[in-house]
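Coordinates in review
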Amino acid sequence: MPSPLRASAPALCFLLASVHCQDACQPTCGAQAPGDILIGVIGQCHGEVESLNERIKPEGFNCTDFILQSFVETLAVIHTIDVINDSGFLPGVRLGYLICDDCSYPIKALQIAEHLVSTNDTLHVECNPFTSPLVKAVIGARFSEVSITVARFLGLYMVPEISTSSSADTLDDKLRFPSFLRTIPNDEHQTRGIAKFMSSFSWDWVGVVYGDDDYGKSALENFLLNAEDTKVCVAYQEVMPQYLNNGNTDLRVKEVAETIRSYKAQVVLLILKEELVMKIFEEMIKTNTSRIWIASDAWSLAQSLANMPGINMVGEIFGFSFITGQNPGFSEFLQNLQPDPGVVNHFIEEYKNLRFECTPELLQYNECIANNPPSLCTRPPSLTFKSPLACSIPDPQQANDDFLIQSVYLNRTYGERLAVWAIAHALRNLLQCNGTLCQGDRNIHPWMLLQELKMVNFTLNNQRFYFNENGSFMNGYDLIYWARSGNGRDFRVIGGYDPKTGNMKVDTKDIMWQNKTVPDSKCSTPCPPGTFMKIYNVSCCYNCTQCDMGTFSNVSNMPSCLQCPDGTWSLKGWNQCYPRTETFFGWNEPYAIILLTFVGLGFLLLLMVFVVFMASRHSPVVNVAGGKLCYIMMAALVVSFGSVVLFMGKPSVHICRARQTMYGLGFTLCVSCILVKAFRTFLAFLFNFNRQYKLKKLYKPFSIIVLFTTVQVLICTFWLVFDSPRVETITSNQSMSIFFQCNEGSGVGFGIMLSYIGLLAFVCFLLAFNGRKVPHRFNETGYIIFSMLIYLFVWVCFIPIYVTKSQQRSAVQASAILVSSYGIIFCHFLPKCYMILCKKKKDISPEAYREKVRIFSITSANQALCHLSTDSGIGDMKTMATTSSMKVEVSSVGISLNDPSPSVRKRHRRSSI
């Protein structure tokens, strides 16, 4: 078996020839090491290409702007290859490399790819499948746009390309990019994690600034989709030119900075290169603008940004980075940075010249510092990496320090370590290696290695890695917090996102907010319970509108209010529903207490009247008042007063029926008795004897009372049977109470009942009015007239009030009943009590009363005689005799009807004879 050195001789000769040729013109690749199997690396040691706008013909590219992070990443590939070679993982097989710089420009990267797959500077691999290209696999490129360009070309030859940072999801398309692999997930997972991270802090109003390349556009599209799912809205979208030498870059930086300042969105997602982010931050620092910045993987671990002057003024910074890890021995490698024998590395030479070479710019700057304060001396960009010991070091290429370790986040090179080890494991399987040698043919083709890479499955640092069906590792993301440390920032892992489960973890205790509170970034303030979000055109912008009556919201930011469950209700703007309170005309209401007080007084008055009347039951006053009829009236009034009590408290069907029936029957009985008294008086002083004689046959007090009361009984019975009162509930949308009251049915029965009592009262009024000229001392007609007028007036006023005041009907009717009942007490009983208790006995004796009646009768008869003499002539003796007889008859009738005492009845019989 040939020795490794002899086996790699052809490749070494080709590399030396390539380097010699490139020295004569322009270097295509800057670092190479011989080996049995070569790994190509497309790095990005420089950030831009000069004079691209002036390029009009095929010519070389002049790369500028040395980038430490990318440089260290290429060194990580070299270090990992050295570790594998030294470990004997591939016995007898040595890995070599060819590292080329794409200068962040896809066309130059395409030139590099052409060189890497060529054989003796010729591209004929597709014509001869047995001809193997220079390299067997390619690691890179850094940016998605470059990887897309290169992957299309390498896919033609099925050369595996493994990127450690190109995350555009379009690269998952294996039809367009069949040989592309990567050690990271695609951007779809990253943007989903970013959206969930924003949502976890309730940041729903954010700005996005992205690059105009494939990576930026793809990431923006994915973020917009994921933001919509997590209810995060984008306030603005600003695009930046990705190429730093674009003539509009500086102008766009100022415009984007102004947009960021003008919006109230406090969270800004930057999907940009770190060089563009630095320009934006410089503008923010100038205007002292602070925001919450979310970094994509492109700059989430950019040490140059973390150390830039004024970085602590821009606000909080969070970033999403691919899972990082340790790279053992890499720090020592950087501190002793020297190419191995037989290895060419122009990148190390360039770095050491930038770091340790004594240049005229450095001498001028040091001279300025010696003569002026440092603030007056402008530091040239070429001195960015310059060591303070530069002019004291004899050979810059032999110098070393820890500058790279301090300036670059070394864990970020974990992806390069994974990519090299994935290739090593695939080669081990393809070359059939064991512990001592590799038995397979080393003249392998790239497509053969590609097949093994797709099936590779290995463990590193106790974590398993493999490519999924889309050629991506699914090892998730770290959430990086840029913690303040002096004048710079330190990177701290405070959580992560697992694409497999979709879980986002954030350890908030490690976040040191400036005001010790989580800042808000919302289009609208949160809607408190009791309101809902009335959304504008954007879902995150809304007005907080109070919930309508009957609806509620019990949490913040509800999209709509919920309906109250059955049996509950809410008023406008309430955050929960409550059962309605039952209300009615209760006992404890002030007006109810007043009514009950008058009911008690009414009962007391009736009791006092009853006692007085019973004590003077044989007196003419009691007899004139109606005698036994008075006691019936008192009983009827007791029933009426009792019905008033039923108008208070929570009603039921039985109470609704009983109170109207009690009032209707009680008051009908009372008015029927008054009707008997009015009819009696009317007959006693009716001077048309024919009519008197006829009507006198109708004067049957008991029958009249029973008849008129029976009619009311029939009315109430039909009412209760066909249109019975019932309990009615009144609910108002603007009230939390359910009002219980009695509904009198359709109102027909209720109206007939009241109308019937009113009719009886009106008949009483007419009869009493016609007999209004009885003797004043014992005049009943005036009291009947007044009491009936009170009743009619009260109930005429009652009707419109009862109709319009639906919730006060019980109080209104109870008041009407009380006034009517008190009218009868004050008109029919209290005057009689006054006469019994306060008048002299002689004024109310039977003889005084009869004398009054006699005088009234004579006076009335004389008036009638004068009337007749005027009509018929005074000489008509028959008429005079009739008139004289009428006097006696009227007197006799009046006494017999008003004074049923035995002596009066005996005198009446003698007068008749």
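Counting starts from 1 at the beginning of each chain's written sequence and moves along it residue by residue. Totals for whole chains, interfaces and linings use every residue, but because this is a predicted model, local features are given only for residues with pLDDT of at least 70 and side-chain atom pairs only at 80 or more, for both listing and counting. Values reported for side chains reflect all heavy atoms of the structure, with hydrogen atoms and water molecules removed beforehand.

1. Quick word on the overall build of the chain
Note the following rule: Helix and strand labels come from DSSP, where a helix needs a run of H or I of at least four residues and a strand needs a run of E of at least two; each type is numbered from the N terminus. The cut-offs for exposure are 20% and 50% of the maximum accessible area for each residue type, with area from a 1.4 Å probe on protein chains only; residues under the lower value are buried, those over the upper are exposed, and the others partly exposed. The contact criterion used is simple: two residues touch if any of their non-hydrogen atoms lie within 4.5 Å. Per-residue and other accessible areas follow the Shrake-Rupley method at a 1.4 Å probe size, with only the shown protein chains counted as cover for residues.
Across its full length, the chain holds 28 helices and 28 strands. A burial count over the chain gives 53% of its 913 residues as buried. Nonlocal contacts in the chain, meaning residues at least 24 apart in sequence, comprise 70% of its contacts between residues at least 6 apart. Accessible surface computed for the chain: about 41,400 Å², of which carbon and sulfur atoms make up 58%.

2. So, the packing of aromatic side chains
Stated precisely, the cut-off is as follows: When two rings of Phe, Tyr or Trp (its six-membered ring) have centres within 6.5 Å they constitute a pair, described as stacked for plane angles under 30 degrees, edge-to-face for angles over 60, and tilted for the intermediate range. Whether a charge sits over a ring depends on NZ of Lys or CZ of Arg being within 6 Å of the ring centre and within 35 degrees of the ring normal.
Scanning the model with the defined rule gives 51 aromatic pairs in all. Look at Phe-718 and Phe-722: their rings are 5.9 Å apart centre to centre, the planes differ by 10°, and that puts the pair in the stacked class. Residue Phe-718 and its partner Phe-722 are located together in helix α22 (residues 701–722), separated by 4 residues, close to a single helical turn. Each member of the pair, Phe-718 together with Phe-722, is exposed. A cation over a ring is seen here: Lys-273 above Phe-143, with NZ or CZ 4.7 Å from the ring centre. Here Arg-355 stacks its cationic end above the ring of Phe-403, 3.9 Å away from the centre of that ring.

3. Here we look at the packing of helix α24 (residues 781–804) against helix α25 (residues 809–838)
Short version of the rule: Fitted lines through C-alpha atoms serve as axes, helices being fitted only where they are in contact, and the angles separating the N-to-C directions of these axes extend from 0 to 180 degrees. Each angle is binned into one of four classes, with values under 35 degrees roughly parallel, values over 145 roughly antiparallel, values of 65 to 115 roughly perpendicular, and all other values oblique. Gly is placed with the polar residues, together with every amino acid not listed as nonpolar (Ala, Val, Leu, Ile, Met, Phe, Trp, Tyr, Cys and Pro) or charged (Asp, Glu, Lys and Arg).
Taken N-terminus to C-terminus, the directions of α24 and α25 make an angle of 175°; their axes are 10 Å apart at the nearest point. For the element pair α24 / α25, the angle class is roughly antiparallel. Contact residues: Tyr-783, Ile-784, Phe-786, Ser-787, Ile-790, Tyr-791, Val-794, Trp-795, Phe-798, Ile-801, Tyr-802 and Val-803 in α24; Arg-809, Val-812, Gln-813, Ala-816, Ile-817, Val-819, Ser-820, Gly-823, Cys-827, His-828, Pro-831 and Lys-832 in α25. A breakdown of the residues in the contact of α24 with α25 according to their chemical character gives 17 nonpolar, 5 polar and 2 charged.

4. Description of helix α8 (residues 249–262)
Let me state the cut-off plainly: Expected helix span is computed as 1.5 Å times (number of residues minus one). This arc describes the spread of directions from the helix axis toward the C-beta atoms.
Its 14 residues give α8 an end-to-end C-alpha distance of 20 Å, which sits within 8% of 20 Å, the value for a rise of 1.5 Å per residue. Within α8 the residues assigned to the buried category are Thr-249, Arg-252, Val-253, Val-256, Ala-257, Thr-259 and Ile-260. Looking straight down α8, one finds that the buried residues subtend no more than 160° of arc, so they occupy a single side. Among the structural elements, β9 (205–211), β10 (233–240), β11 (267–271), α9 (274–286) and β12 (292–295) are those in contact with the buried residues of α8.

5. Some points on the sheet that holds β10
To keep it simple, the criterion reads: Pairing between two strands is assigned when DSSP locates at least 2 bridges connecting them.
In space, the 8 strands of this open sheet follow the order β10-β9-β11-β12-β13-β17-β18-β19, with mixed pairing throughout. Every interior strand has two partners, whereas the edge strands, β10 and β19 (503–506), have only one. Strand-to-strand twist across the sheet, computed as the mean angle between neighbouring axes with direction ignored, equals 25°. Two elements, β12 and strand β13 (residues 317–322), share 3 bridges in a ladder whose sense is parallel. In the strand pairing of β13, Trp-293 is matched with Ile-317. On top of the sheet, α8 reaches β9, β10, β11 and β12; it is set at about 165° to β10, its chief contact.

6. With respect to the packing of helix α15 (residues 414–430) against helix α16 (residues 446–455)
Where α15 meets α16, the closest approach of the two axes is 9 Å, and the angle between their N-to-C directions is 110°. Taken together, the axis directions place α15 and α16 in an arrangement best described as roughly perpendicular. Each of Ala-422, Ile-423, Ala-426, Leu-427, Asn-429 and Leu-430 in α15 lies in contact with α16, whose residues at this interface are Met-448, Leu-449, Glu-452 and Leu-453. The residue makeup of the contact of α15 with α16, split by class, is 8 nonpolar, 1 polar and 1 charged.

7. Here's the deal with the environment of Leu-760
Secondary-structure assignment places Leu-760 in helix α23 (residues 748–770). Judged by relative accessible area, which is 4%, Leu-760 ranks as buried. With residues near it in sequence (within four places) discarded, Leu-760 still touches Thr-668, Val-671, Ser-672, Leu-675 and Phe-708.

8. What to know about the state of the cysteines
The following threshold applies: Two cysteine sulfur atoms form a disulfide, by the criterion used here, when they sit within 2.5 Å.
Using the criterion set out here, one finds 11 disulfides in the structure. Across the disulfide from Cys-368 sits Cys-377; the S-S distance is 2.0 Å. Between Cys-368 and Cys-377, the S-S torsion sits near -90°, and that sign places the bridge as left-handed. The exposure class of Cys-368 is partly exposed, given its relative accessible area of 24%. Under the relative-accessibility criterion, Cys-377 is labelled buried at 8%. Each disulfide pairs two cysteine sulfurs, and for Cys-564 the partner residue is Cys-577, the sulfurs being separated by 1.9 Å. Here the disulfide of Cys-564 and Cys-577 is left-handed, its torsion about the S-S bond being about -70°. In this pair, Cys-564 is assigned in the loop between β23 (562–563) and β24 (568–569) and Cys-577 in the loop between β24 and β25 (578–579), connecting sequence segments 13 residues apart.

9. Focus on the pairing of β12
As a reminder, the rule being used: Note on handedness: a crossover is taken as right-handed if, strands pointing away from the viewer, the path from the first strand over the helix to the second is clockwise.
The alternating pattern of β12 places Ile-292 and Ile-294 on one face and Trp-293 and Ala-295 on the opposite face, and all of these are buried. In terms of strand pairing, β11 meets β12 through 4 bridges, oriented parallel. Within β12, the position partnered with Leu-269 by the bridge is Ile-294. Following the backbone out of β11, through α9 and into the adjacent parallel β12, one traces a crossover that is right-handed.

10. So, the side chain of Thr-183
Within the secondary structure, Thr-183 is located in the loop between β8 (180–182) and α6 (187–200). With a relative accessible area of 1%, Thr-183 lands in the buried category. In contact with Thr-183, other than residues within four places in its own chain, are Ile-162, Ser-163, Thr-164, Gly-415, Leu-418, Ala-419, Phe-473 and Asn-475.

11. Quick word on the sheet that holds strand β28 (residues 737–743)
Taking strand neighbours across the sheet as the criterion, the 3 strands line up as β26-β28-β27 in an open arrangement whose pairing is mixed. Only two strands of the sheet have a single partner each, and these edge strands are β26 (581–583) and β27 (726–731). Within this sheet the neighbouring strands show an average axis-to-axis angle of 30°, counted without direction. Bridging between β26 and β28 involves 3 bridges; their strand directions are parallel. By the bridge assignment for β28, Thr-581 is matched with Ser-737.

12. Observations concerning the pairing of β28
Of all 7 residues in β28, 6 are buried; the element is thus mostly enclosed. In the sheet, β27 pairs with β28 via 6 bridges, with the strands oriented antiparallel. From the neighbouring strand, Thr-729 faces β28, where its bridge partner is Phe-740.

13. Here we look at the environment of Lys-500
Structurally, Lys-500 can be placed in the loop between β18 (488–498) and β19. Each residue touching Lys-500, except ones within four places of it in the same chain, is listed here: Tyr-466 and Met-474.

14. Side note on a nonpolar patch on the surface
The test is simple: Each patch is built from salt-bridge-free residues with over 30% relative accessible area, joining like charges within 9 Å and nonpolar side chains (Val, Leu, Ile, Met, Phe, Trp, Tyr) within 5 Å. By definition here, a salt bridge exists when the distance from a side-chain nitrogen of Lys or Arg to a carboxyl oxygen of Asp or Glu is within 4 Å.
The grouping of Tyr-591, Ile-594, Phe-598, Leu-601, Leu-604, Leu-607, Met-608, Phe-610, Val-611 and Met-614 at the surface amounts to a nonpolar patch, some 900 Å² of accessible area in total. When you line up the elements, Leu-607 lands in helix α17 (residues 590–615).

15. Digging into the nonpolar core
The line we're drawing: The definition of a nonpolar core used throughout is a set of buried Ala, Val, Leu, Ile, Met, Phe, Trp, Tyr and Cys residues joined through side-chain atoms within 4.5 Å.
Phe-613, Tyr-663, Trp-795 and Phe-829 are the most contacted members of the largest nonpolar core, which has 71 residues in total. Contributing elements (two or more residues each) for this core: α17, α18 (620–625), α19 (628–645), α20 (653–684), α22, α23, α24 and α25. With 13 residues, the top contributor of residues to this core is α25. The residues contacting Tyr-663, other than those within four sequence positions of it, are Ser-640, Ser-643, Thr-668, Met-753, Leu-754, Ile-757, Tyr-791, Trp-795, Gln-813 and Ile-817.

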